[in-house]
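Secondary and tertiary structure notes
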Amino acid sequence: MSKLLIANWKANKNIATAQQWFQDFSVELTQALNGKTLSNQVVIAPSFPLLGIVRTEIDRLNHTFTSTLSTGSFELGVQDISPFGAGAYTGAVSGQNIAWLQPTTIIVGHSERRRYFQETSQMVASKVDQVLDLPARPVVCVDRDKITEQARALSAEWVKKLTIAYEPVEAIGTGIHPGVKQVQTVIQEIREAFTDKTPVLYGGSVDEQTVAEYLLVSDGVIVGTAAVDGKQFARVVAAAQP
Ligand code: PGA
């Protein structure tokens, strides 16, 4: 089964460092895969101003690695979306603004959005609605204490289209690795609150040493710190290959 690996660049990089990232990633991935094919879906999620350049680089990657990709692909991700559609919402980025870039994946409700931008589960639900209009895959981030609240705020009609990411706040950017058993327990709770088929990702200090074990109990990972450097993320992607 193909897994989803998301590089969340957060508010890092400019055009030059983004392009450098792709050069580093490409060279290192060829080496690190060492002849293996790529069966996972690799999503790169830059900040809004870099979406255009990253779209171009992703198209190039898919071309360069055509013979290496089995069920795998390189795709564009977005870190957030406006809870409103197109219209008079100064400063917001709507689905209409980004549809032409053909993102496959949009992260919503990341704990940093909830913490620094006061996003509520209701607001996250409005964002999911916007993502599903595109259409793209909404990845809804939750910590353990938000599972029920977030599940209640989302419409039952959407449930089959959702991907949930379990991201414990204490593990984000800290180097703290929760045990795989603990992650498995929470993923089970998430599936009980949504459906037993809901794809669930894990995020929080995932790196090349830990990615394989987290993938044993999840459908994919979100990687922040270990995705800032292109070479390091290439090693994560290679280590995720069975
Ligand atoms: P981290 O970030 O890998 O730096 O913990 C993950 C995330 O915030 O999605």
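In this report, we go over the structure that sits alongside the text. (Residues numbered from 1 in each chain as written. Predicted model: local features only at pLDDT ≥ 70, side-chain atom pairs only at ≥ 80, totals over all residues. Heavy atoms only, no water.)

1. A look at the overall build of the chain
We count it as follows: To qualify as a helix, a DSSP run of H or I must reach at least 4 residues; to qualify as a strand, a run of E must reach at least 2; elements of each kind are numbered from the N terminus. Radius of gyration means the value over C-alpha atoms here, while the globule rule gives 2.2 Å times the residue count to the 0.38 power. To sort residues, take the accessible area from a 1.4 Å probe on protein chains only and compare it with the maximum for the residue type: under 20% means buried, over 50% means exposed, and anything in between is partly exposed. Throughout, the Shrake-Rupley method with a 1.4 Å probe supplies accessible areas, and for residues the shown protein chains are the sole cover considered. By the counting scheme adopted, Arg and Lys are positive, Glu and Asp are negative, and His together with the chain ends is not counted. A charged residue contributes its charge at one atom only: NZ of Lys, CZ of Arg, CG of Asp or CD of Glu.
When you go through the chain residue by residue, the secondary structure sums to nine helices and eight strands. Against the globule reference of 18 Å for 242 residues, the chain gives a C-alpha radius of gyration of 17 Å, in line with a compact fold. With 242 residues in all, the chain has 53% of them scored as buried. Looking at the chain as shown, the accessible area adds up to about 11200 Å², and 52% of this sits on carbon and sulfur atoms. Charged side chains in the chain number 21 positive and 24 negative. The centres of these two groups are separated by 2 Å.

2. Considering the side chain of Gln150
Along the chain, Gln150 turns up in helix α6 (residues 147-153). Among the residues examined, Gln150 registers a relative accessible area of 0% and is labelled buried.

3. Description of the nonpolar core
Under the convention used in this document: Put simply, buried Ala, Val, Leu, Ile, Met, Phe, Trp, Tyr and Cys residues joined by side-chain atoms within 4.5 Å make one nonpolar core.
Of all hydrophobic cores here, the largest spans 67 residues; its most connected members are Trp9, Phe25, Ile44, Phe74, Ile190 and Phe233. Within the second largest apolar cluster, 10 residues are counted, among which are Ile6, Val139, Cys141 and Leu201.

4. Considerations on the site of the ligand
Selection rule: What makes a residue near a molecule or strand is one non-hydrogen atom of that residue sitting within 4 Å of it. In the analysis that follows, any N or O atom pair within 3.5 Å is treated as a polar contact, provided that within protein one partner can donate a hydrogen and the other can accept it, and provided that, for residues neighboring in sequence, both atoms belong to side chains. Residues were grouped as follows: Ala, Val, Leu, Ile, Met, Phe, Trp, Tyr, Cys and Pro as nonpolar; Asp, Glu, Lys and Arg as charged; and all remaining residues, including Gly, as polar.
Taken together, the neighbourhood of the ligand is formed by 13 residues, with Lys10, His110, Gly173, Ser205 and Thr225 sitting nearest. In this structure, an oxygen atom belonging to the ligand sits 2.7 Å away from a main-chain N or O atom of Gly173. At 2.4 Å from an oxygen atom of the ligand is found a side-chain nitrogen or oxygen belonging to Thr225. Residues that form the shell around the ligand fall into these classes: four nonpolar, seven polar and two charged.

5. Quick notes on the packing of helix α1 (residues 15-33) against helix α2 (residues 51-64)
Keep this limit in mind: Here the axes come from fitting lines to C-alpha atoms, over the contacting stretch only for helices, and the angles between their N-to-C directions go from 0 to 180 degrees. An angle below 35 degrees is read as roughly parallel, one above 145 as roughly antiparallel, one from 65 to 115 as roughly perpendicular, and any other as oblique. Crossing chirality is assigned from the near helix's rotation relative to the far helix, an anticlockwise turn below a right angle marking it left-handed and a clockwise turn marking it right-handed. Every residue pair with non-hydrogen atoms within 4.5 Å of one another is taken to be in contact.
Where α1 meets α2, the axes come as close as 10 Å, and the angle between the chain directions of the two elements is 15°. Between α1 and α2, the interaxial angle falls into the category roughly parallel. Crossing of α1 over α2 shows right-handed handedness. Contact with α1, carried on its side by Gln19, Phe22, Phe25 and Ser26, involves Ile53, Val54, Glu57, Ile58, Leu61 and Thr64 of α2 and no other residues of that element. Tallied by class, residues from the contact of α1 with α2 come to six nonpolar, three polar and one charged.

6. Topic: helix α9 (residues 230-239)
Of all the positions in α9, only Gly230, Phe233, Ala234, Val236, Val237 and Ala238 are classed as buried. Residues of α9 that are buried in the fold lie against β1 (4-8), α1, β2 (41-45), α8 (211-217) and β8 (220-223). Put simply, Asp229 is the residue that caps the front of α9, since its side-chain oxygen is 3.2 Å from the backbone nitrogen of Lys231.

7. Examining the side chain of Arg55
Relative to the helices and strands, Arg55 resides in helix α2. Separated by 2.8 Å, the side chains of Arg55 and Asp59 make a polar contact.

8. Quick look at the pairing of strand β3 (residues 73-78)
Applied cut-off: For two strands to pair, DSSP has to find at least two bridges joining them. Orient the strands so they point away from the viewer; a crossover is then right-handed if the path from the first strand over the helix to the second runs clockwise.
Taking burial as the measure, the six residues of β3 include six buried ones, the bulk of the element. The two faces of β3 match: Ser73, Glu75 and Gly77 on one face and Phe74, Leu76 and Val78 on the other face are all buried. Of the pairings in the sheet, the one linking β2 to β3 comprises four bridges and is parallel in character. Its bridge partner being in β3, Ile44 is matched across the sheet by Leu76. At this point the chain moves from β2, through α2, to the parallel β3, and the crossover so formed is right-handed. Across two bridges, the pairing between β3 and strand β4 (residues 105-108) is parallel. Note that in β4 the partner of Val78 across the bridge is Ile106.

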